[in-house]
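Structure at a glance
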2 protein chains.
Amino acid sequence: MKRKRRSYHHGDLKNALIAAGIDILAKEGAGALSLRSVAQKVGVSHAAPYAHFADKQALIAAISTEGYERLYEAIRAVAAVHQRDPARQLVEAAWVYVKFALDDPEHFKVTLSGVVEREKDYPAFVEVSKKSFAQVVEIVQACQKKAVLPKGAPDLVAVGVWSLMHGLVSLLLENQIPRSVLDRMPVRTMLVATLGQMARLDPEPPCATPS
Amino acid sequence: MKRKRRSYHHGDLKNALIAAGIDILAKEGAGALSLRSVAQKVGVSHAAPYAHFADKQALIAAISTEGYERLYEAIRAVAAVHQRDPARQLVEAAWVYVKFALDDPEHFKVTLSGVVEREKDYPAFVEVSKKSFAQVVEIVQACQKKAVLPKGAPDLVAVGVWSLMHGLVSLLLENQIPRSVLDRMPVRTMLVATLGQMARLDPEPPCATPS
DNA sequence: TGTACATCAGTGAACGCGCGTTCACTGATGTAC
DNA sequence: TGTACATCAGTGAACGCGCGTTCACTGATGTAC
């Protein structure tokens, strides 16, 4: 399972610790995330992380930043693929968001849950979160041009779209959506239906649901 | 601050513990919520709670249930006041939700954050959460009749409205909404604007903002 | 009204646990000459 | 190429902490007679 380190020095301990943290979140949940557990997973003494992170908050901030970067990259990719179809960009970007949340709920939660308290101390986090929001605003503007989304200040409409998606996945993760609704349709259909209450979308062909 | 108990027996320790828990959430946050802290706040030995709660989960479930009841009652009240005006019902119910979240964020989070894992064990929680959702569905139906909300299965549209509000408050609480948007308008205006992307609402007079 | 007794709610000591953090240390690495 | 030394990353023991939970107990309460 855990291969022996060849040398005294690890080489890339910082990134290894971040990866281990994400892994622990996925497999054991947020309660199990600690500097000690992360160190143990990498096979290093429990004090070693302090060479790379000032404290636990700093590790969490790094994990959050990584999560936002994952989102940013994935949305950038789908936006590029559907360059000329804003409605599609909107749906696929939303789907990216939902997929992240469902595939890796604990990482998603840490990323989006404001665990980064003193943002000032973590400029990388602030930067990628700003970039991500700007990306959404762009998609919203393109949608507005084609009357897919209602008029209004683009950043405000972006907040609306984001809220809708964030609320949907939060309620899903927190098990609050009634079974009667849940059992009636797959998540992707629910996403499109919900988004369709706000945006003018073409109906999806029932079999085109990606993964 | 803490008055001496007159007698050995407390009389209503169970409810006192729940109230103390809510108080701790408000004043010290979720991290400080423990059976021990709750017992201490009430002025009782740390083992006393076990006479009333099987374990920590049971206390949390009780606090969650209390939170949902607060929501349920408040929404029922505003729905009654605006009996003949579904759009208003919608806005005020949403406002109730947002107010709860902003006034008592930690209690709100515990209530809505699926901390009640094995719902089966807490039927009171399940019941009040179902009742609350049904209430929203009713308001949604009334809104649909007046074309305030789009057509579609009422429970699905209710999920949409709920998601929108839940996402908005979650992002607010988690400090994710960009300052540029935040600084431009009060929360209530943001709520109405966001809800307005999904519902056909009359514009609010700028000075009618309740508390 | 008085007494015996069962029931119940709260006590306080004790358990083992994992945590964040500090500290003096040591092994490995790289650089100057 | 070889040696001295500064730097750096990781070690392992130790600290104090608050937690959930158990357990034998005891003080208060209520009921039967």
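Let me sum up the structure you'll find in this document. This is a predicted model, so every value here is computed, not measured. (Residues numbered from 1 in each chain as written. Chains lettered and ligands numbered in written order. Predicted model: local features only at pLDDT ≥ 70, side-chain atom pairs only at ≥ 80, totals over all residues. Heavy atoms only, no water.)

Focus: the protein's contact with DNA strand D
Keep this limit in mind: Consider each residue's heavy atoms; a residue with any of them within 4 Å of a molecule or strand counts as near. N or O atoms closer than or at 3.5 Å make up a polar contact, with two conditions inside protein: a donor-capable atom paired with an acceptor-capable one, and, for residues adjacent in sequence, both atoms drawn from side chains. Side-chain classes are defined by residue name, with Ala, Val, Leu, Ile, Met, Phe, Trp, Tyr, Cys and Pro counting as nonpolar, Asp, Glu, Lys and Arg as charged, and the others, Gly among them, as polar.
Looking at DNA strand D, there are 22 residues lining it, with A:S45, A:H52, B:S34, B:R36 and B:Y50 nearest. Taking all atoms of DNA strand D within 4 Å of the protein, the share assigned to sugar and phosphate is 59%. At 3.0 Å from a base nitrogen of DNA strand D is found a side-chain nitrogen or oxygen belonging to A:H46. Here a phosphate oxygen of DNA strand D sits 2.8 Å away from a polar atom, N or O, in the side chain of B:S34. Of the residues belonging to the surface near DNA strand D, the class tally is nine nonpolar, eight polar and five charged.

Brief notes about the packing of helix α4 (residues 86-103) of chain B against helix α5 (residues 105-112) of chain B
Residue and element names in this part refer to chain B. Selection rule: A fitted line through C-alpha atoms serves as each axis, taken over the contacting stretch for helices, and the angle formed by two N-to-C directions is quoted from 0 to 180°. Put simply, DSSP H or I for four residues or longer makes a helix, DSSP E for two residues or longer makes a strand, and each gets a number counted from the N terminus. In what follows, a contact means two residues having at least one pair of non-hydrogen atoms within 4.5 Å.
In the contact formed by α4 and α5, the axes pass within 5 Å of each other and the chain directions differ by 115 degrees. Mapping the contact onto sequence places Y97, F100, A101, L102 and D103 in α4 and P105, H107, F108, T111 and L112 in α5. Classifying every residue of the contact of α4 with α5 by side-chain character gives seven nonpolar, two polar and one charged.

Quick look at the nonpolar core
Soluble globular proteins: nonpolar side chains tend toward being buried together. Filter applied, for reference: Among buried residues, those of type Ala, Val, Leu, Ile, Met, Phe, Trp, Tyr and Cys that are joined through side-chain atoms within 4.5 Å constitute a nonpolar core. In this scheme, a residue with accessible area under 20% of its type's maximum is buried, one over 50% is exposed, and one in between is partly exposed, where area comes from a 1.4 Å probe on protein chains only.
Formed by 146 residues in total, the largest nonpolar core has its most connected members in A:L149, A:M190, A:L195, B:L149, B:M190 and B:L195. When sequence neighbours within four positions are dropped, the list of residues in contact with A:L149 reads A:L90, A:V140, A:C143, A:Q144, A:V157, A:V161, A:M198 and A:A199.

A word on the interface of chain A and chain B
Quick note on the threshold: Note on terms: buried area is the combined drop in 1.4 Å-probe accessible area of two parts once they are placed together, counting the loss on both. Any Lys or Arg side-chain nitrogen located within 4 Å of an Asp or Glu carboxyl oxygen qualifies as a salt bridge.
The partner chain B presents 38 residues to the 38 residues of chain A that form the contact. Across the chain A/chain B interface, buried area totals approximately 2,900 Å², and carbon plus sulfur atoms make up 63% of it. On the chain A side of the contact with chain B, A:L156, A:Q176 and A:Q197 bury the most area, a combined 23% of that side's loss. Joining chain A to chain B, the criterion identifies two salt bridges. Of the charged contacts in the structure, one is a salt bridge between A:R184 and B:D155, with a shortest N-O distance of 2.8 Å. At the junction of chain A with chain B, the criterion picks out 10 residue pairs in polar contact (both at pLDDT 80 or more). Residue contributions to the side of chain A that touches chain B peak at 14 residues, all from helix α7 (residues 154-173) of chain A. In terms of residue class, the side of chain A that touches chain B is built from 21 nonpolar, 13 polar and four charged.

Brief notes about the pattern of salt bridges
Residues and elements named next belong to chain B. Counted by the stated rule, this structure contains 22 salt bridges over all chains. Close ionic contact of E92 with R188 constitutes a salt bridge, the shortest N to O distance being 2.9 Å. You can see E92 sitting in helix α4 and its partner R188 sitting in helix α9 (residues 187-196), a full 96 residues away along the chain. A relative accessible area of 3% means that R188 is categorised as buried.

Some thoughts on the relation of the copies chain A and chain B
Test applied: A least-squares superposition brings the copies together, and it is based on the C-alpha atoms of residues with pLDDT no lower than 70 in both.
For the pair chain A and chain B, the superposition axis carries a translation of 0.0 Å, the fit reaches an RMSD of 0.0 Å, and the rotation angle comes to 180 degrees. Here the transformation between the copies is reduced to the relation of a two-fold axis. When the interface residues of chain A are mapped onto chain B, 100% of them again fall at the interface, so both copies present the same face.

Side note on the protein's contact with DNA strand C
Taken together, 22 residues lie near DNA strand C, and A:S34, A:R36, A:Y50, B:S45 and B:H52 sit nearest. Note that a phosphate oxygen of DNA strand C is positioned 2.5 Å from one of the backbone N or O atoms of B:S45. One of the side-chain N or O atoms of B:H52 is found 2.8 Å from a phosphate oxygen in DNA strand C. Grouping the constituent residues of the surface near DNA strand C by class yields nine nonpolar, eight polar and five charged.

Some thoughts on the environment of B:A54
On the secondary structure map, B:A54 appears in the loop between α2 (35-42) and α3 (56-81). Looking at B:A54, the relative accessible area reads 68%, which means it is exposed.

A look at the packing of helix α4 (residues 86-103) of chain A against helix α6 (residues 123-145) of chain A
Residue and element names in this part refer to chain A. Operational definition: By convention, the crossing between two helices is left-handed when the near helix turns anticlockwise from the far helix through less than a right angle, and right-handed when the turn is clockwise.
Two elements in contact, α4 and α6, have axes separated by 8 Å at closest approach and are oriented at 145 degrees. The handedness of the crossing between α4 and α6 is left-handed. Each of P86, A87, Q89, L90 and A93 in α4 lies in contact with α6, whose residues at this interface are I139, A142 and C143. Along the lines of polarity and charge, the residues of the contact of α4 with α6 split into seven nonpolar, one polar and no charged.

Details of helix α7 (residues 154-173) of chain B
One turn of the α-helix equals 3.6 residues, which is why residues spaced by three or four share an orientation. All names here are of chain B. Counted only if it meets this: Here the expected span of a helix is defined as 1.5 Å times the quantity of residues minus one.
Here α7 spans 28 Å end to end across 20 residues, near enough to the 28 Å set by a 1.5 Å rise per residue. Along α7, 18 of the 20 residues are buried, which leaves the element largely enclosed by surrounding structure. Count one or two residues on from α7 and you reach N175, which has phi positive near 65 degrees.

Shape is all these values report; function is a separate question.
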